[in-house]
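These are the residues of each chain, in order.
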Amino acid sequence: MSSWHRLVKSLFTWLCAFTTALLMLLLSTSVVAQQTRGQIVDWLYEVDQFVPDQSDRARLAAAQRSLLRVLSRTTGLASIPRSATVAKALTSPERYYTKYVYFDPRDLDAEQRGLIDNASSGADASLALRFDFQPAAIKQLARDAQLPTWWSRRPLTMVWMVLDEPSGRKIVDHSAVELRSELDARAQQRGLPTMLPLMDLQDSVQVNPAVVWGRFTDVLDQASERYMASQYLLGRFSVQEILGERLYTGEWLVRSSDGESSQYLRGVDRDNLVRTGIDMATRHVLDQHLIFTSGSRNHDLVVRGIKGLQAYAGLLDYLQSLEFIDSVMLLGLQADALTLRVNTVATDRQLQSLLIDDGQFDTAPQPPQILELPFNESLTNLEFVWLGRS
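Residues numbered from 1 in each chain as written. Predicted model: local features only at pLDDT ≥ 70, side-chain atom pairs only at ≥ 80, totals over all residues. Heavy atoms only, no water.

Visitor: Just checking my understanding: could you explain the nonpolar core for this structure?
Guide: For soluble globular proteins, nonpolar side chains are generally found buried alongside one another. Ranked by internal contacts, the top residues of the largest apolar core, which has 53 residues, are Leu319, Phe324 and Phe361. When residues of this core are assigned to their parent elements, the largest contribution, seven residues, is made by helix α10 (residues 270-289). (Core = buried A, V, L, I, M, F, W, Y, C linked by side-chain atoms within 4.5 Å. Buried < 20%, exposed > 50% of the residue type's maximum accessible area, 1.4 Å probe, protein only. Helix = DSSP H or I, 4+ residues; strand = E, 2+ residues; numbered from the N terminus.)

Structure (C-alpha cells):
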C-alpha cells in the first residue's frame, strides 16, 4: 500500500471517529438536558448483616450496627457521635425498623454478598439478616440527636480510574468485578451512588488510558455527561506488588461544577485506596448538600409554571418528599403562580441551591426578597419556575 493510500485511510478513520464522537456527544447532551441532576437512592434505609445464628443477642447486635449505618447514610457522617440520644436509641433499635428477614446469603452472587454491610469483617457467610428502617423515625432520631440532614436525592459519581501495571496502563471499567465490588461496598456504606464506565464504543471514542492519566478533565467532563453524573472521581495509580500484596501510589481527584480537590497516596493497600476515594467523593457532595439542624424556619415560595391539577399535585408530592422540609402550606393561588409556605431546617440559600441543583426548579427572572424577622419565624420570598421533570 502506498503512503498516499495509507494517509487517505488514516484520515478516513479519524473522520469517522470524530463524527461518531460528535454525534454521541450531542445525543448525550440532549439526554442530560431532559433529566434531573439527582436520583432518589432507595436503599438508604435497608441494611443486610451477616449473623452467626438466629438468637436474640445476635439480632440485637446486628440491629444496632444497622441503625448506625442508616444514620451514617442519612446524615453524611462517617462515624456517628454516641450522644445520649443515640446511645438510648441503640438500646432498643427495634423502634426504628419495620421488619427484619433472615435469608441465606449463599443464594446471592459474589457481588451481592460483597454489599452485605459487615462482609469485610470475615463474618460467617451462611446466614444473613435484612432490616428495613422507617424513614420518618430515622429523621426524628437525627433531629433529636442534632445530627445533620443529607437528603436522599443524590447525584451519581462516575469513577474514571487507570492503573499503571507492568502489562501497561488500563482503565478500570464495569467488568473489573473485584475492584468494582469494593468500590460499590464502600459507596453503599456512605450512601453515595457510583458507577464505573462501561468502556463500550461510545466511551472508547472519547476516553483512553492517556486521557485519564493525563487528567484531561475537559474530555472527562463530556464523557461523564452520558451517565448523567454531576461529579466524577478521577484516579491514576501505579501498582507495585511487594510480598504478594498490591500497593498503590498516585492521586485521587474529585471534580464537579462546584470545583475540584485532590489527594496523593503513597504505597497504600486496596482497602485504603477505595476508602479514601469514596470518602473524598462523598465529602464533595456533602459540601453542597449537607444541612445542619439549627432550628426550623418558614420560607415563602412563589412558584410559577403550574399548569393544571396534575402539576400542582406533583409539586406538593415533590416538596413533601424532601427530608429537610417538615411541612408545606398553600398561602395563595393565582392564575400564573402559587404561593407556598414551607417549614424547613434549611436556610434560604440552602433551600434555593438544593431545589435548583436537583433540576426540578428554575430560577424566576426576579431576584428573591428577604424579609428580616425573628429567627424561627423568618420568612424568605423565593421565586421559582416549576419544571416538574421526572
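Don't stop here, the text continues.
Visitor: Mind showing me how you'd approach the sheet that holds strand β3 (residues 97-103) here?
Guide: Paired through their backbone hydrogen bonds, the strands of a sheet run either parallel or antiparallel. Taken together, the three strands give an open sheet; going across it, the order is β2-β4-β3, and neighbouring strands pair in antiparallel fashion. Here the strands that pair on one side only, and so sit at the sheet edges, are β2 (46-50) and β3. When the angles between neighbouring strand axes are averaged without regard to direction, this sheet yields 20 degrees. Taken together, the five bridges between β2 and strand β4 (residues 128-133) define a ladder with antiparallel strand orientation. The partner of Val47 across the bridge, within β4, is Phe131. (Pairing = 2+ DSSP bridges. Axes fitted to C-alpha atoms, helices over the stretch in contact; angles between N-to-C directions.)

Visitor: Sorry if this is basic, but what is going on with the environment of Ala128 here?
Guide: Examined against the element boundaries, Ala128 turns out to sit in strand β4. A residue is classified by how much of its surface remains accessible, and Ala128, at 0% relative accessible area, is buried. Residues Ala128 and Val51 lie 77 residues apart in sequence; the distance between their C-alpha atoms is 5.4 Å. If we ignore the near neighbours within four places in the chain, the residues touching Ala128 are Gln49, Phe50, Val51, Val101, Tyr102, Phe103, Pro105 and Ile116. (Contact = heavy atoms within 4.5 Å.)

Visitor: What is the right way to read the environment of Arg266 from this model?
Guide: Looking at where Arg266 falls in the secondary structure, it is placed in strand β11 (residues 259-268). Residues Arg266 and Gly250 lie 16 residues apart in sequence; the distance between their C-alpha atoms is 6.4 Å. Not counting chain neighbours up to four residues away, the residues in contact with Arg266 comprise Tyr248 and Thr249.

Nothing here speaks to function; it is all geometry.
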